[in-house]
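# Topology and contacts: notes
Residue strings, one per chain:
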Amino acid sequence: VEMDEKLQERIAKHPCYSEDAHHHYARMHVAVAPACNIQCNYCNRKYDCANESRPGVVSELLTPEEAAHKALVIGGKIPQMTVVGIAGPGDPLANPDKTFRTFELIAEQAPDIKLCLSTNGLMLPDYIDRIKQLNIDHVTITINMVDPEIGAKIYPWVHYKRRRYRGIEGARILHERQMEGLQALKEADILCKVNSVMIPGINDHHLVEVNRVIREKGAFLHNIMPLISAPEHGTHFGLTGQRGPTPKELKELQDNCSGNMKMMRHCRQCRADAVGLLGEDRSQEFSKDKFLEMTPEYDV
Ligand code: SF4
Ligand code: SF4
């Protein structure tokens, strides 16, 4: 896939958006967003949002002030730290005050750190202006279907404008809002990565269609992640006994999709409080009791 210079520059230091960058640059997540506005069948609410992170992990929840402190501490200690993302433990845009306050604090004190956001997309159309204003140049939407009938098997309910919508009705709202959000990102020239969770027997064949639609609508990168379903993660909300795909099935699907679009194949499904290079986990070094004692030495 050909890419112009300006675009290459925009992704050059983002380990998730650039395969080259992921060997050299690190990202960190701050877990400031506990609530969620939808129910995914593969979610286990005791753990972090499974849309961007490895299931079975509980991240330490931070206030926006603690999160900004953490970003400055780590930004000072790890010079390769170029990106701060908010990806959970629930949906960042179901917690807009906490999420945007965190980004504001970091943007004020560390303007050269890139800001990154991951969402299920339900509330995305409402926040495009805020996202643009804060210079958030990377947004991930998790899109698992473009057909509400398939959506109904993945999402038992969606909470939207003070009402709970079940089944196909809820899935249709989610789908429409995701498409609207994707379009709005494109118009605002914000780079968009789409995550899809591959669920055998539910959306595995359908994801080729998802890939076609998001490519058409201008998504920059598609990351198909395997459902990780292991007994030690506890019961998923509505997928008891559901298996994840084999590595071969995953690769076949990625190959089927890669026609004209960049596929992310280096995703390591990190935690909502991950710190370090992709695949490396230094979150324990910077746990809450430790980083709160450290003084930021961040140089702008
Ligand atoms: Fe769980 Fe889905 Fe909400 Fe993420 S978006 S916290 S996986 S219900
Ligand atoms: Fe951004 Fe997702 Fe990468 Fe985190 S894992 S830095 S939210 S693209």
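Refer to the preceding data block for the structure.
Below, the discussion takes up the packing of aromatic side chains. Applying the stated criterion to the full structure yields two aromatic pairs. Taken together, a centroid distance of 6.1 Å and an interplanar angle of 20 degrees make the contact between Tyr-17 and Phe-220 stacked. Note that Tyr-17 is positioned in the loop between helix H1 (5-11) and strand S1 (26-29) and Phe-220 in the loop between helix H7 (207-216) and strand S9 (221-226), a separation of 203 residues in sequence. Look at Phe-220 and you get buried, because its relative accessible area is 12%. Judged by centre distance (5.5 Å) and plane angle (40 degrees), the rings of Phe-100 and Tyr-127 are tilted. Of this pair, Phe-100 sits in helix H3 (residues 96-109) while Tyr-127 sits in helix H4 (residues 124-133); the two residues are 27 residues apart in sequence, bridging distant segments of the chain. The exposure class of Phe-100 is buried, given its relative accessible area of 0%. Judged by its relative accessible area of 17%, Tyr-127 is buried. Here the basic side chain of Arg-164 rests over the ring of Trp-157, its NZ or CZ set 4.0 Å away from the ring centre.

So, on to the pattern of salt bridges. Taken as a whole and assessed by the stated rule, the structure comprises twelve salt bridges. Close ionic contact of Arg-10 with Asp-189 constitutes a salt bridge, the shortest N to O distance being 3.3 Å. Taken together, the positions of Arg-10 in helix H1 and Asp-189 in the loop between helix H6 (167-187) and strand S8 (191-198) put the pair 179 residues apart, joining distant regions of the chain. On the basis of relative accessible area, Asp-189 is assigned to the partly exposed category, the value being 46%. Here Glu-104 and Arg-101 are joined by a salt bridge, their closest N and O atoms 3.1 Å apart. Of this pair, Glu-104 and Arg-101 both sit in helix H3, three residues apart, which is roughly one turn of the helix. Glu-104 gets classed as partly exposed once you look at its relative accessible area, which sits at 27%. On the accessibility criterion, Arg-101 (34% relative accessible area) is partly exposed. Linked by salt bridges that have partners in common, Arg-10, Asp-137 and Asp-189 make up one network.

What follows covers the pairing of strand S5 (residues 138-142). Counted residue by residue, S5 has five buried out of five residues, so it is predominantly covered. Burial along S5 is two-sided: the residues His-138, Thr-140 and Thr-142 and Val-139 and Ile-141 are all buried. Tracing the backbone out of strand S4 (residues 114-119), into H4 and back to the parallel element S5 gives a crossover that is right-handed.

On to the side chain of Asn-203, then. Relative to the helices and strands, Asn-203 resides in the loop between S8 and H7. Exposure remark for Asn-203: the relative accessible area of 0% places this residue in the buried category. There is a polar contact of 2.7 Å between the side chain of Asn-203 and the backbone nitrogen of Ile-199.

How each quantity is defined
Residues numbered from 1 in each chain as written. Chains lettered and ligands numbered in written order. Predicted model: local features only at pLDDT ≥ 70, side-chain atom pairs only at ≥ 80, totals over all residues. Heavy atoms only, no water. Phe/Tyr/Trp six-rings, centres within 6.5 Å; stacked < 30°, edge-to-face > 60°. Helix = DSSP H or I, 4+ residues; strand = E, 2+ residues; numbered from the N terminus. Buried < 20%, exposed > 50% of the residue type's maximum accessible area, 1.4 Å probe, protein only. Lys NZ or Arg CZ within 6 Å of the ring centre and 35° of its normal. Salt bridge = Lys/Arg side-chain N within 4 Å of Asp/Glu carboxyl O. Right-handed = clockwise from strand over helix to strand, strands pointing away. Polar contact = N/O pair within 3.5 Å; in protein donor to acceptor, adjacent residues only side chain to side chain.

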